[in-house]
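One letter stands for each residue in the lines below.
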Amino acid sequence: MPYKQTIMAHLDELDDVATTLNACNNVYLSPTGKLVGSNTDWIGILECLRNASSDGQGKPALIIGAGGAARAAVYALFTHLNCGTIYIINRLASEVEALQADAEKYSATGKALKLIHIESMEQARAIPAQESPFYIVGTVPDFEPKTETEQEAASMLRYFFEREKGVFLDMCFNPRNTRSLKAAREKGWPCVEGINIIGWQIGQQYTNWAGEEKAKQIPHEKAWEALRTAADKNPFINK
């Protein structure tokens, strides 16, 4: 769901996780008839990465983008995968500063979170090999880089793909095989498609919509099968 922050002002309530992350990707109707915003993206990100490889726990990570989806990525990486250093590739420094401010809500009382805005190839090359990101998460739409800043960002991402291999997760699934996924696969990186984010969120989303008892009845294997079949048959995302 796009507009993960814009929608928040139009809802009746926000649950604790949406308030903490300052991003909403799930809306449900409360028993009293109120529209409540939640965030389940972080669960999808966490499970995608953790099921691909647990080797990145405690290591530096990288996020492309600094919007609503990036907030879920920071939360999953820092609070559940113990990634204390997270590099950010993003055009606007002001967006990274806002992301940092939101992350301070849950990092101030515990271990320190270091968000580092990578703004140039020179800065990227200066990162020691042992500090290279293992988990890389793409949170932006798939588009052809046109401006000088966009081309620089694409070059930086390709540079990190030339370093030690980790796991690349691209949250974008339209198209399924994004430019970034192609670049990662060319360098031999294990990759996770964005449609998997949806599958790992099913349980919590259905709990929000229908309650815990109904959620327990979900045939998860069949739900995953239905998701993959729908994705395979969708002509719009299989470009």
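Before reading on, note that the structure itself is shown above.
The rules behind these values
Residues numbered from 1 in each chain as written. Predicted model: local features only at pLDDT ≥ 70, side-chain atom pairs only at ≥ 80, totals over all residues. Heavy atoms only, no water. Helix = DSSP H or I, 4+ residues; strand = E, 2+ residues; numbered from the N terminus. Buried < 20%, exposed > 50% of the residue type's maximum accessible area, 1.4 Å probe, protein only. Lys, Arg positive; Asp, Glu negative; His and termini not counted. Salt bridge = Lys/Arg side-chain N within 4 Å of Asp/Glu carboxyl O. Polar contact = N/O pair within 3.5 Å; in protein donor to acceptor, adjacent residues only side chain to side chain. Contact = heavy atoms within 4.5 Å. Core = buried A, V, L, I, M, F, W, Y, C linked by side-chain atoms within 4.5 Å. 1 Å grid on protein atoms, 1.4 Å probe; cavity = no way out; pocket = protein on both sides within 12 Å on 5 of 7 lines; lining within 4 Å. Points joined across faces, edges and corners; volume = space filled by probe spheres on them. Nonpolar A, V, L, I, M, F, W, Y, C, P; charged D, E, K, R; others polar. Pairing = 2+ DSSP bridges. Axes fitted to C-alpha atoms, helices over the stretch in contact; angles between N-to-C directions. Expected span 1.5 Å × (residues − 1).

1. Things to note about the side chain of Asp170
Line of reasoning, step 1. Positionally, Asp170 belongs in strand β8 (residues 167-170).
Line of reasoning, step 2. With no salt bridge to any partner, buried Asp170 finds its closest opposite charge in Arg185, at an N-O distance of 8.6 Å.
Line of reasoning, step 3. A polar contact of 3.2 Å, which involves the side chain of Asp170, links it to the backbone nitrogen of Cys172.
Line of reasoning, step 4. With near-sequence residues (within four places) excluded, Asp170 lies in contact with Gly138, Val140, Thr178, Ser180, Leu181, Val192, Glu193 and Gly194.

2. A word on the nonpolar core
Line of reasoning, step 1. With 38 residues, the main nonpolar core has Trp42, Ile45, Leu49, Val74, Leu77, Ile86 and Tyr135 as its most contacted residues.
Line of reasoning, step 2. Counting only elements with at least two residues in this core, the list comes to α1 (16-21), α2 (41-52), β4 (61-64), α3 (68-80), β5 (85-89), α4 (93-107), β7 (135-138) and β8.
Line of reasoning, step 3. Ranked by residue count, the leading element in this core is α3, at nine residues.
Line of reasoning, step 4. By size, the runner-up hydrophobic cluster in this structure holds 19 residues, among which are Ile64, Ile118, Phe168 and Trp189.

3. Brief notes about the layout of surface pockets
Line of reasoning, step 1. Estimated volume of the largest pocket: approximately 1,400 Å³.
Line of reasoning, step 2. Around the largest pocket sit 47 residues that line it, and Thr139, Val140, Pro141, Asp142 and Cys172 are the ones nearest its centre.
Line of reasoning, step 3. Breaking the lining of the largest pocket down by element, the ones donating at least two residues are α3, α6 (148-161), α7 (179-186) and α8 (195-210).
Line of reasoning, step 4. Here the element with the most residues in the lining of the largest pocket is α6; it accounts for seven residues.
Line of reasoning, step 5. A class-by-class count of the residues in the lining of the largest pocket yields 23 nonpolar, 14 polar and 10 charged.

4. Here's the deal with the sheet that holds strand β1 (residues 13-14)
Line of reasoning, step 1. The strand order across the open sheet formed by three strands is β1-β3-β2, and the pairing between neighbours is mixed. Two strands close off the open sheet at either side, each with one partner strand: β1 and β2 (26-29).
Line of reasoning, step 2. Relative to strand β3 (residues 35-38), β1 runs parallel, the two sharing two bridges. Across the sheet, the residue bridging to Glu13 is Val36, located in β3.
Line of reasoning, step 3. On top of the sheet, α8 reaches β2 and β3; it is set at about 25° to β2, its chief contact.

5. Side note on α3
Line of reasoning, step 1. The first and last C-alpha atoms of α3 sit 18 Å apart over 13 residues, in line with the 18 Å expected at 1.5 Å per residue.
Line of reasoning, step 2. Taking burial as the measure, the 13 residues of α3 include 11 buried ones, the bulk of the element.
Line of reasoning, step 3. Just downstream of α3, Asn82 is the residue with a positive phi angle, here 60°.

6. Examining the sheet that holds strand β6 (residues 114-117)
Two orientations exist for strands paired in a sheet by backbone hydrogen bonds: parallel and antiparallel.
Line of reasoning, step 1. The parallel open sheet is built from six strands, whose spatial order is β6-β5-β4-β7-β8-β9. In this open sheet, the two edge strands, each paired with only one partner strand, are β6 and β9 (191-192).
Line of reasoning, step 2. Relative to β8, β7 is paired through four bridges, and the arrangement is parallel. For Tyr135, the partnering residue across the bridge sits in β8 and is Val167.
Line of reasoning, step 3. Its contacts with the sheet put α7 on β8 and β9, and the angle it makes with β8 is roughly 165°.

7. Observations concerning the pattern of salt bridges
Line of reasoning, step 1. Applying the stated rule across the entire model yields 12 salt bridges.
Line of reasoning, step 2. Note that Arg91 is salt-bridged to Glu150, the shortest N-O span being 3.3 Å. Of this pair, Arg91 sits in the loop between β5 and α4 while Glu150 sits in helix α6, and the two are 59 residues apart along the sequence.
Line of reasoning, step 3. A residue is classified by how much of its surface remains accessible, and Arg91, at 55% relative accessible area, is exposed.
Line of reasoning, step 4. Here Glu150 falls in the buried class, since its relative accessible area comes to 13%.
Line of reasoning, step 5. Between Lys216 and Glu213 there is a salt bridge, with the nearest N and O atoms lying 3.4 Å from each other. Separated by three residues within a single helix, Lys216 and Glu213 lie in helix α9 (residues 212-216), roughly one turn from each other. Assigned by exposure class, Lys216 and Glu213 land together as exposed.
Line of reasoning, step 6. Connected through shared salt-bridge partners, Arg176, Arg185, Glu193 and Asp232 make up one network.

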